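# Tertiary structure, described
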Amino acid sequence: MSIGGDLVLSVRNLDVKFYTYAGVVHAVSNVSFDVYKGEIVALVGETGCGKSVTTKAITRLIDPPGRIEGGKAYFRRRNGEVVDLLSLSDEEIRDIRGNEIAYVFQDPTSALDP
Ligand SMILES: Nc1ncnc2c1ncn2[C@@H]1O[C@H](COP(=O)(O)OP(=O)(O)OP(=O)(O)O)[C@@H](O)[C@H]1O
Ligand SMILES: [Mg+2]
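What comes next is a walk through the structure. (Residues numbered from 1 in each chain as written. Chains lettered and ligands numbered in written order. Predicted model: local features only at pLDDT ≥ 70, side-chain atom pairs only at ≥ 80, totals over all residues. Heavy atoms only, no water.)

### Some remarks on the environment of Ser-87
Put simply, the test is: Put simply, DSSP H or I for four residues or longer makes a helix, DSSP E for two residues or longer makes a strand, and each gets a number counted from the N terminus.
Positionally, Ser-87 belongs in the loop between strand E4 (82-84) and helix H2 (90-96). Sequence separation between Ser-87 and Ala-73 is 14 residues; the distance between their C-alpha atoms is 8.7 Å.

### Considering the pattern of salt bridges
Opposite charge on two side chains allows them to pair when their charged atoms are near. To be explicit about the condition: Counted as salt bridges are all cases of a side-chain nitrogen of Lys or Arg within 4 Å of a carboxyl oxygen of Asp or Glu. Only protein chains enter the accessibility calculation, which uses a 1.4 Å probe. A residue is then buried if its area is under 20% of the maximum for its type, exposed if over 50%, and partly exposed in between.
In this structure the tally under the stated criterion is five salt bridges. Note that Asp-90 and Arg-60 form a salt bridge whose closest N and O atoms lie 3.2 Å from each other. Of the two residues, Asp-90 sits in helix H2 while Arg-60 sits in the loop between helix H1 (51-58) and strand E3 (66-76), which places them 30 residues apart along the sequence. Here Arg-60 falls in the buried class, since its relative accessible area comes to 19%.

### Overview of the side chain of Thr-59
For clarity, the threshold we go by: Any pair of N or O atoms that falls within 3.5 Å is considered a polar contact. Within protein, one atom must be able to donate a hydrogen and the other to accept it, and sequence-neighbouring residues count only if both atoms are side-chain atoms. The contact definition used throughout considers only heavy atoms, calling two residues in contact when any of these lie within 4.5 Å.
On the secondary structure map, Thr-59 appears in the loop between H1 and E3. Among the residues examined, Thr-59 registers a relative accessible area of 3% and is labelled buried. Within polar-contact distance, the side chain of Thr-59 engages the backbone oxygen of Thr-55 at 2.9 Å. A polar contact is formed between the side chain of Thr-59 and the backbone oxygen of Lys-56, at a distance of 3.3 Å. Not counting the four nearest positions on each side in its chain, Thr-59 is found in contact with Ile-93, Arg-97, Ile-101 and Tyr-103.

### Considering the site of ligand 1
The condition is simple: If even one non-hydrogen atom of a residue comes within 4 Å of a molecule or strand, that residue is called near it. In this description, accessible areas are obtained by the Shrake-Rupley approach with a 1.4 Å probe, and a residue is regarded as covered only by the protein chains that are shown. Residue polarity is assigned by list, with Asp, Glu, Lys and Arg as charged and Ala, Val, Leu, Ile, Met, Phe, Trp, Tyr, Cys and Pro as nonpolar; anything else, Gly included, falls into the polar class.
The environment of ligand 1 is made up of 13 residues, and the closest members are Thr-47, Gly-48, Lys-51, Ser-52 and Val-53. In this structure, Ser-52 approaches ligand 1 through a side-chain N or O atom, which is 2.9 Å from an oxygen atom. Compared with its free state, where it exposes 640 Å², ligand 1 has 63% of that area covered by protein. Elements with a minimum of two residues in the shell around ligand 1: strand E1 (7-20), strand E2 (23-36) and H1. Counted by class, the shell around ligand 1 contains five nonpolar, six polar and two charged residues.

### Brief notes about unusual backbone geometry
Geometrically, the link from Pro-64 to Pro-65 is a cis peptide bond, its omega value of 15° lying close to zero. Summarising the element assignment, Pro-65 is placed in the loop between H1 and E3. Notably, Asn-13 is not glycine yet its phi reads approximately 55°, a positive angle. With respect to the helices and strands, Asn-13 occurs in strand E1. A positive phi angle, near 55°, is found at Asn-30, a position not held by glycine.

So this is what it looks like as structure tokens:
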């Protein structure tokens, strides 16, 4: 897979569902966006619209009963290699997460040094 030189992250048709006892929650449906080098992208929307689930899926932090049901997240690694974050093995994503891509959780006092 090749993506343009300035493209760092390309999310395509992301789909995430939660299979709860109360029913299936289709949390993220067909979400696509691009992030270019040096760019800051904000996902904006009402509470519960799927911002956190989108970003957790990209960093592969969705736990059962959540499941990534479809889509791609092409990421250009520091070495120039382009990988699909959603199809890497657990070991491969662990190597990238924290080193090349990171998730700062919503509660900043627990995520950042105050
Ligand atoms: N573990 C879970 N089990 C069931 N449903 C979940 C779970 N986590 C998230 N959801 C559902 O997925 C949807 C998207 O939630 P998400 O947390 O991504 O919203 P958000 O846009 O980040 O909201 P906020 O602005 O409040 O942070 C919501 O309907 C939420 O209830
Ligand atoms: Mg959130």
